[in-house]
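The lines below spell out each chain.
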Amino acid sequence: MLKTFLYAGLLLCPSVSRSQTSTGLSLPHIFSDGMVLQQQSNVAIWGWGEASATVCLIGSWNPKDTVRTQVDAIGHWQAKINTVRHGGPYTLRIYTHGREQQGITLNDVWLGEVWVCSGQSNMEWTPANGIENREAEVEAARFTQIRYFSLPKRGSDYLQEDCEGKWEPCTPAVMRKRSAVAYYFGRRIHQTLDVPVGLIVSAWGGTPAEVWVPEDSIRNDPQLAAVTHEHVPWWPVKAGKLYNGMVHPLLPYGIAGAIWYQGESNRDTPDTYARTLRTLINSWRSGFEKDIPFYMVQIAPFNYNDPTNGPARIREAQEQVWRTTPHTGLVVTNDVGNPNNIHPAKKKEVGERLAGLALGKTYGVIKEEVESPFLETAVAHKQKVELTFCHAANGLVCSGKKIKGFRIAGEDGRFVEAKARINGSRLTLEAPGVKYPRTVTYCFDDATAGNLFNKEGLPLAPFRAQCTTAPTER
């Protein structure tokens, strides 16, 4: 996909300055010293130059292979270059044919695994803002082969071709001011696979999902076009605003996948959230020209005091996306929230669970269970309800003396706290006074934290479900 865009007959120029050689050859900021390119892939490199000139690219990992491409009539070029197995540091030489002594040389280039890390404040949240065991974690963050590229928070009404930013090796000083979830994710990937890791962080606190989706995709969908968010001065709410300024400049950079932590700002519009999120995933996959794995985080328990139960319905929508969209995963945070803080400090658990999904589902190096249990069936047997779950083959465990969080409603719709009993990977529920169970819920509210896990230590996902009746009792 050649990065050429027209609006009202005019080329959309990037909103930031970029270095330029005497030949007119230049690159967007994402291609710079210290970068990580996706290993064992055919990655896109692009930039600008003199119309009709031939651009040559040589990576020192394969010095005998010169890739050539031509600059188009309005000064854009793009090429694909093959990368080998992880390693570095390498150089990437880019020059105009006939001017071999001039051009651009990118140094300290590594081949490894590259992930986009996006969402709102819980993805943006830095150790400086508060994580558990902060000072010790910051001091230990010395991983020169983990590289951050963090985009500044900038929206745009038009598609942008470039963004500010630079690649930074992970040091205590850098880690302290960068995404904590991204760090813990990248650290586990790096330590497990022993490869360089590039973390492209594009996040902005408070933002609804619609701003991260192409505006046309929202406008052309009547259900999504009808959604409005209250205007606030601190972050954008207009559809496409951050896709234009903080996603499009990255396309189609070679990546392994994306991690996504967002949803709190959509709690007033839960009925369309699943549709919005699926649209976002599809648009990103199209832009990156790859069916990338997309791993999401459920929003954590917090006292929103929401009378519409919006937060619980957002979690339900996130599960719907996971169930209906291929190559996705969902981290459950039911056990690591803080009912009095929308930014819980347990970022390590979130990042490492995201990495577990990648290591198990994308890289295949973890063979044990990497996903949380989710409800499969709820069958009523007279006064009792039997529940079955996926991702709980080795059984369920309770972290306390009493299982909490379950409620049952009968024909009158009145919910009563239920007692639960574990039977391997199944649960049996019963609530006093409910003779004919119709509905069962688990932590389906703003802030109730559960205490049920699979044997691998991953928490049971919250849910609500209508009970079916056992065949022998129909």
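The following refers to the structure shown.

You can see T69 is positioned in strand β6 (residues 67-70). One polar contact links the side chain of T69 to the main-chain carbonyl oxygen of Q78, over a distance of 2.9 Å. Residues contacting T69, with those up to four places away along its chain left out, are A53, T54, V55, W77, Q78 and A79.

A few words now on the pairing of β6. Only one face of β6 is buried, namely the one carrying V67 and T69, since none of R68 and Q70 on the opposite face is buried. Note: strand β5 (residues 54-59) against β6, four bridges, orientation antiparallel. Among the inter-strand pairings, L57 is bridged to a residue of β6, identified as V67.

What follows concerns helix α8 (residues 273-287). Structurally, the α-helix is built with 3.6 residues per turn, so residues lying three or four positions apart point the same way. Here α8 spans 21 Å end to end across 15 residues, near enough to the 21 Å set by a 1.5 Å rise per residue. Those residues of α8 lying buried are Y273, A274, T276, L277, T279, L280, I281, S283, W284, R285 and G287. At the exit of α8 stands E289, carrying a positive phi of roughly 55°.

The interhelical angle for the contact between helix α4 (residues 180-193) and helix α10 (residues 347-362), taken along N-to-C directions, is 45°, at an axis separation of 7 Å. In terms of their interaxial angle, α4 and α10 are classed as oblique. α4 and α10 meet at a crossing whose hand is right-handed. Along the contact surface, α4 presents A180, V181, Y184, F185, R187, R188, I189, T192 and L193, while α10 presents K347, K348, V350, G351, E352, L354, A355, G356, A358 and L359.

With that settled, consider unusual backbone geometry. Here the amide bond leading from G88 into P89 is cis, since omega sits at 0°, within 30 degrees of zero. Along the chain, the position of P89 falls in strand β8 (residues 87-96). In this model, L251 is joined to P252 through a cis peptide bond whose omega is 0°. On the secondary structure map, P252 appears in the loop between α7 (241-247) and β13 (257-261). Here the phi dihedral of Q40 falls at roughly 45°; this positive angle occurs in a residue that is not glycine. As for its position among the elements, Q40 is in the loop between β3 (36-38) and β4 (42-48). The exposure class of Q40 is exposed, given its relative accessible area of 57%. Within the chain, H327 stands out as a residue other than glycine whose phi angle is a positive 60°. The topology assignment puts H327 in the loop between α9 (310-324) and β15 (328-331). Residue classification places H327 among the partly exposed residues on the basis of a relative accessible area of 48%.

Take the packing of aromatic side chains next. Between two aromatic rings, the relevant description is the distance of the centres plus the angle of the planes. Applying the stated criterion to the full structure yields 20 aromatic pairs. On the basis of an interplanar angle of 25° and a centroid distance of 4.2 Å, the ring pair of W322 and F374 is categorised as stacked. Residue W322 is found in helix α9, and its partner F374 is found in strand β16 (residues 374-381); the two are separated by 52 residues along the sequence. Taken as a pair, W322 and F374 share a single burial class, namely buried. One aromatic cluster is present, built from ring pairs that chain together F31, W46, F149, W167 and Y253.

The biggest cluster of nonpolar side chains holds 74 residues, and the ones touching the most others in it are I45, I200, W212, Y253, W260 and W284. One finds F143, M175, V181 and V350 within the second-largest nonpolar core, a separate group that totals 40 residues.

As a further point, take the sheet that holds strand β21 (residues 419-423). Sheets are built from strands that pair by backbone hydrogen bonding, the pairs being arranged parallel or antiparallel. Spatial ordering of the open sheet is given by β21-β22-β17-β16-β26, a layout of five strands whose pairing is mixed. The open sheet has two free edges, formed respectively by β21 and β26 (468-469), since each of these has just one partner strand. Where strand β17 (residues 384-390) and strand β22 (residues 426-430) come together, five bridges link them in antiparallel fashion. Considered in β22, the bridge of V385 is made with L429. Sitting on the sheet, α9 is in contact with β16 and β17, with an inclination near 105° to β16.

What counts as what
Residues numbered from 1 in each chain as written. Predicted model: local features only at pLDDT ≥ 70, side-chain atom pairs only at ≥ 80, totals over all residues. Heavy atoms only, no water. Helix = DSSP H or I, 4+ residues; strand = E, 2+ residues; numbered from the N terminus. Polar contact = N/O pair within 3.5 Å; in protein donor to acceptor, adjacent residues only side chain to side chain. Contact = heavy atoms within 4.5 Å. Buried < 20%, exposed > 50% of the residue type's maximum accessible area, 1.4 Å probe, protein only. Pairing = 2+ DSSP bridges. Expected span 1.5 Å × (residues − 1). Axes fitted to C-alpha atoms, helices over the stretch in contact; angles between N-to-C directions. Parallel < 35°, antiparallel > 145°, perpendicular 65-115°, else oblique. Left-handed = near helix turned anticlockwise from the far one by under 90°. Phe/Tyr/Trp six-rings, centres within 6.5 Å; stacked < 30°, edge-to-face > 60°. Core = buried A, V, L, I, M, F, W, Y, C linked by side-chain atoms within 4.5 Å.

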